[in-house]
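Close look at the chain arrangement
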Number of protein chains: 2
Amino acid sequence: MGKSTTERDQGAVAAPEAGRPTLKTIAFMTGLGVTTVSRALKDAPEIGEETKKRVQLVARQVGYRPNRAGVRLRTGKTNVISLVLNTEDQIMGFVSDIIYGISETLAETPYHLIVTPYSSKKDPMEPVRYVVETGSADGIIISRTQPDDPRVRYMTERGFPFATHGRTHMGLDHPFHDFDNYVFGIEAVRRLVSLGRSRLALLAPPSTLSYHHHTVNGFADGLSEASVTEFPHNTISIDDSIEHIRARTTQVMRRANRPDGFVSSAGAATLALVAGIEDAGLAVGKDVDIVSKQSSKLLHLFRPAIQVVNEDFRLAGRELARCVLGSIAGQTGPALQSLSRPSGVEAYEEPVSFGTPTPQAAE
Amino acid sequence: MGKSTTERDQGAVAAPEAGRPTLKTIAFMTGLGVTTVSRALKDAPEIGEETKKRVQLVARQVGYRPNRAGVRLRTGKTNVISLVLNTEDQIMGFVSDIIYGISETLAETPYHLIVTPYSSKKDPMEPVRYVVETGSADGIIISRTQPDDPRVRYMTERGFPFATHGRTHMGLDHPFHDFDNYVFGIEAVRRLVSLGRSRLALLAPPSTLSYHHHTVNGFADGLSEASVTEFPHNTISIDDSIEHIRARTTQVMRRANRPDGFVSSAGAATLALVAGIEDAGLAVGKDVDIVSKQSSKLLHLFRPAIQVVNEDFRLAGRELARCVLGSIAGQTGPALQSLSRPSGVEAYEEPVSFGTPTPQAAE
DNA sequence: GCAGAAATCTGTAACGTTACAGATGCTTGC
DNA sequence: GCAAGCATCTGTAACGTTACAGATTTCTGC
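Right, let's walk through the structure included here. (Residues numbered from 1 in each chain as written. Chains lettered and ligands numbered in written order. Predicted model: local features only at pLDDT ≥ 70, side-chain atom pairs only at ≥ 80, totals over all residues. Heavy atoms only, no water.)

With respect to the packing of aromatic side chains
Tallied over the entire structure, the rule returns three aromatic pairs over all chains. In this structure, Arg303(B) is placed above the aromatic ring of Phe302(B), and the distance from its NZ or CZ to the ring centre is 4.4 Å. (Phe/Tyr/Trp six-rings, centres within 6.5 Å; stacked < 30°, edge-to-face > 60°. Lys NZ or Arg CZ within 6 Å of the ring centre and 35° of its normal.)

Here's the deal with the interface of chain B and chain A
Chain B puts 41 residues into the contact, and the matching count from chain A is 41 residues. In total, chain B and chain A occlude about 3,700 Å² of area from one another, counting both sides; carbon and sulfur atoms represent 66% of this. For chain B, the biggest contributors to the area lost against chain A are Tyr100(B), Leu298(B) and Leu301(B); these three give 17% of the whole. Elements that contribute at least two residues to the side of chain B that touches chain A include exactly helix H4 (68-75), strand S1 (80-86), helix H5 (95-106), strand S2 (112-118), helix H6 (125-134), helix H10 (242-253), helix H11 (267-279) and helix H12 (299-302) of chain B. Each residue belonging to the side of chain B that touches chain A can be placed in one class, and the counts come to 20 nonpolar, twelve polar and nine charged. The pairing of strand S2 (residues 112-118) of chain A with S2(B) spans three bridges and is antiparallel. For Leu113(A), the partnering residue across the bridge sits in S2(B) and is Val115(B). (Contact = heavy atoms within 4.5 Å. Buried area = accessible area lost by both parts, 1.4 Å probe. Helix = DSSP H or I, 4+ residues; strand = E, 2+ residues; numbered from the N terminus. Nonpolar A, V, L, I, M, F, W, Y, C, P; charged D, E, K, R; others polar. Pairing = 2+ DSSP bridges.)

What to know about helix H13 (residues 313-328) of chain B
Helical geometry note: an α-helix holds 3.6 residues per turn, so side chains three or four residues apart project in the same direction. All names here are of chain B. Here H13 is 16 residues long and its end C-alpha atoms lie 22 Å apart, about the 22 Å a rise of 1.5 Å per residue gives. Among the 16 residues that make up H13, 13 are buried, leaving the element largely enclosed by the rest of the structure. The N-terminus of H13 is capped by Asp312, whose side-chain oxygen sits 3.0 Å from the backbone nitrogen of Arg314. Positive phi appears at Gly330, one or two residues downstream of H13, with a value of about 90°. (Expected span 1.5 Å × (residues − 1). Buried < 20%, exposed > 50% of the residue type's maximum accessible area, 1.4 Å probe, protein only. Polar contact = N/O pair within 3.5 Å; in protein donor to acceptor, adjacent residues only side chain to side chain.)

Written as structure tokens, this is what we have:
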């Protein structure tokens, strides 16, 4: 029962122990020390070439996978990304696409994706604070970004890695991915104008969110470009209920000097918009034209006359994951900032002042 | 530098150490041993009442949160639920609703939700095997359940807790939540019949999935009830592309003896169906009626004439989380099995043979 | 031949938690 | 007075990993 009396007894690791293989298992099998095995598996320079090969071979053979709890406890690294989501958000699920996009990028890494939801009735800071304070993830992805976002401030102050879906205008240089809603706004107006429309209304995102402003600015610049007037439709936003959007739109469309063109920032809201228009006895493509963003490609089934602009949320997910991984790796700057257009993703070039982002149009 | 020479030196814990509070911190503050603190926080009987109160007070004050890695390493318990998802799945995002539902239930527990995706091009077993083998979660939720599902067999054999969205017919008694698609099928037919329709077609889920059979059986029983004929439309399923469904439907609707009623198992597919019908120059609510399931409440905006049946995926998420938690807690049997109807959830009463589930209709 | 460097390997300790097997002191019974 | 029992509390070890500070051996220069 005593220790084996073999002369080379020092390096010998105690027990084989069935179950999931650990470093100890491999150490036992190779006759090496646990430390050596650990270092060998991460290709450390102070381990002999042949030893590394041998260890890595054995590890592969037995299907070794580092124990996450062990690593996490020792190093503090969780290998987890947290996606913070508003649970009242987003009917018609662009959420699943973002998740799939993130997953695609994370698939080639040791990272897992955990979803941390919050109710919009509660404090949006709460989930962020939870993750940061408990260290339950290495990085956070947030959406519904605001121009002056307390979450961004909080994480920046603490040096906690994150990426935002949407830009801020806080003078902070942080990782983000965003759809260029300025371009969307201006292009949408151009398209409506080219269809002969001249009294244009915008169904915008809620005014608390950054992309509200981008969209509004693009829309406004489009209007002045063509010397066309805006029809104010800003008592509602795409976050309002279907019923509300519908009813309000009907009201508006019954006025004498009603709008003849709409720009809508969300697919589901567009459905309500169309319903409201039709409730007023008017027809899309005839009495009125609509340019709408959409994530799923369903609007043209709904009313073929709707002009659609696709926003690829799976792409956004991939980009956001890339950004947050970069942030975790300590990178900063423009490499972690990107804008996407209907046509694709582009690097975010010059940090322009908020309000006139990337004035050049997509082509 | 030597140990303090206070007489009562035994119980004294070494250092305060700034940062996140641990058991050690509380032990130091209370003058108790780490073990005592640990036991006190979980209300163990061998700890004095007053001590427990004191420890719990201090813990609350300093905002103590057990270190997940520590617990996980020591006990093997991850406090994680894994949701396994097919990334090609489900346009129009019922996925987000399921996630939100699960989150609602998990919110009151220490559990986190991690999303483990797989591509449908790959082996659906792979993510399940990964989670089970690496022990990266305490329980798994799967969807796209098949009548004879290898994942269910695998997890059952290994005694790994799980819940399925959808039933199996493997003679295994496992936790599940399901929508009663038999009732949907039969009720859908009844509704079409009551609208005077008699040549009915079913746009069903793919035949590999369990709920295909439930739906088909309900549909068939509805037909024979009313002595109405089926119009075979089974070369396509709701998993086919929008374009494919649309084109195929148009073909079918151009035949002389075309169907005059449709039952559709998914909202997005219904959009394609309608497009196909209209491509053939026919109108929903006039030439043809449709009864469709939907998760988001958007179909009535699309074509008000569509008869809709709502499937609440947020509810499904809540139920699935409840089931898998029960499974983790060692529960078994009917308490972890539930069916939902448009009207709500019901316990799954008698284990009926596959093919004739819960024949009583919702009322 | 030998000091010293280089190359390669090693054990120990620690991360925070809990199972386990005691300790300690106070009652109780007789 | 004291054994036995009880109520409370305790330290140690272990989960799997890695940082650290050595060990050991071999190679080099002179």
